[in-house]
Amino acid sequence: MHGKPVRPVLLVIAHGSRDPRHAATVHALVERVRSLRPGLRVETGFLDFNIPSVHGVLESLAAEGVRDVVALPLLLTRAFHAKADIPAVLRDAPRGLRIRQAEVLGPSPLLLSALERRLYEAGLTPADKASTGVVLASAGSSDPEAIAVIADIAREWWHTGWCAVRPAFASASLPRTEDAVRELRALGCERVAVAPYVLAPGFLPDRIARGAADADVLADVLGPAPEVARLLLARYDSAALPARAALGA
């Protein structure tokens, strides 16, 4: 008699940071994911700075006899970490582990909902949309694909009713947050809000905050927003489906 098929373990892969707020926020998000799907085993590994490392988690899982893992990059765009760093770490995993790398989180309508949640928590209301210009402030990347995605998200978000939406970048690309704030002022938006398109606090989010000094509203990072937790599970489900099918789920 066969038992119930075992679902793949979800391994959330975060970048890591010297800033302790980063790991604390990642763990808060993972806890929310666990609360949404109590029967799912969720582990966290970091690429740098924090422990446990991704490789260390994979070794522990293999030693326990785990066979199927969905590795989910805690990233908003498909840039260098998703294309190179994470696949390299996963290729070095212990033999016997079957690992599927899930898609990065963005773009997704759930992330736009989370961005708006943070803006409303910071004091805006839906009635403010038509008179408010928003800076979509991301960490930045040297990857043209990632930069194009941010620009596309800004255009899509503008079509939901904001006065204007402008992308900005904390590193590697231009414009900076403060430049986008000035541009929205020049456009005549009644108020300007900065929405950090980042998952956790750290060096670059702090740079975004400094660039928002002349804005009227600065939203919090996305962090453990309910929409982000739901998105993690959606990405897991998409990646886990082939494994579950093979197990007869």
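Structure's up top.
Below you will find a few notes about this structure.

Regarding the overall build of the protein chain
In terms of regular secondary structure, the protein chain is built from 8 helices and 8 strands. Compactness check: the protein chain gives a C-alpha radius of gyration of 19 Å against a globular reference of 18 Å for 249 residues, within 12% of the reference. A principal-axis box enclosing the C-alpha atoms of the protein chain has dimensions of 70 × 30 × 30 Å. Put simply, the protein chain has 249 residues, and 51% of those count as buried. Sequence separation of 24 or more characterises 77% of the internal contacts of the protein chain that already satisfy a separation of 6 or more. In the form shown here, the protein chain has an accessible surface area of approximately 11700 Å², with 54% of it arising from carbon and sulfur atoms.

Things to note about the packing of aromatic side chains
Counted according to the given criterion, the structure contains 1 aromatic pair. For the pair W157 and W162, a centre-to-centre distance of 5.8 Å together with 70° between the ring planes defines the contact as edge-to-face. What makes W157 buried here is its relative accessible area of 0%.

Structural notes on helix α7 (residues 203–211)
Buried residues of α7: P205, I208 and G211, and no others. Down the axis of α7, the smallest arc covering the buried residues is 115°, so these residues share one side. Facing away from the buried surface of α7 by more than 90 degrees, the exposed residues are F203 and R210. Packing partners of the buried residues in α7 comprise β5 (132–138), α6 (177–187) and β7 (191–196).

Conventions used here
Residues numbered from 1 in each chain as written. Predicted model: local features only at pLDDT ≥ 70, side-chain atom pairs only at ≥ 80, totals over all residues. Heavy atoms only, no water. Helix = DSSP H or I, 4+ residues; strand = E, 2+ residues; numbered from the N terminus. Rg over C-alpha atoms; globule rule 2.2 N^0.38 Å. Buried < 20%, exposed > 50% of the residue type's maximum accessible area, 1.4 Å probe, protein only. Contact = heavy atoms within 4.5 Å. Areas by Shrake-Rupley, 256 points an atom, 1.4 Å probe, with all protein chains shown as cover. Phe/Tyr/Trp six-rings, centres within 6.5 Å; stacked < 30°, edge-to-face > 60°. Arc of directions from axis to C-beta.

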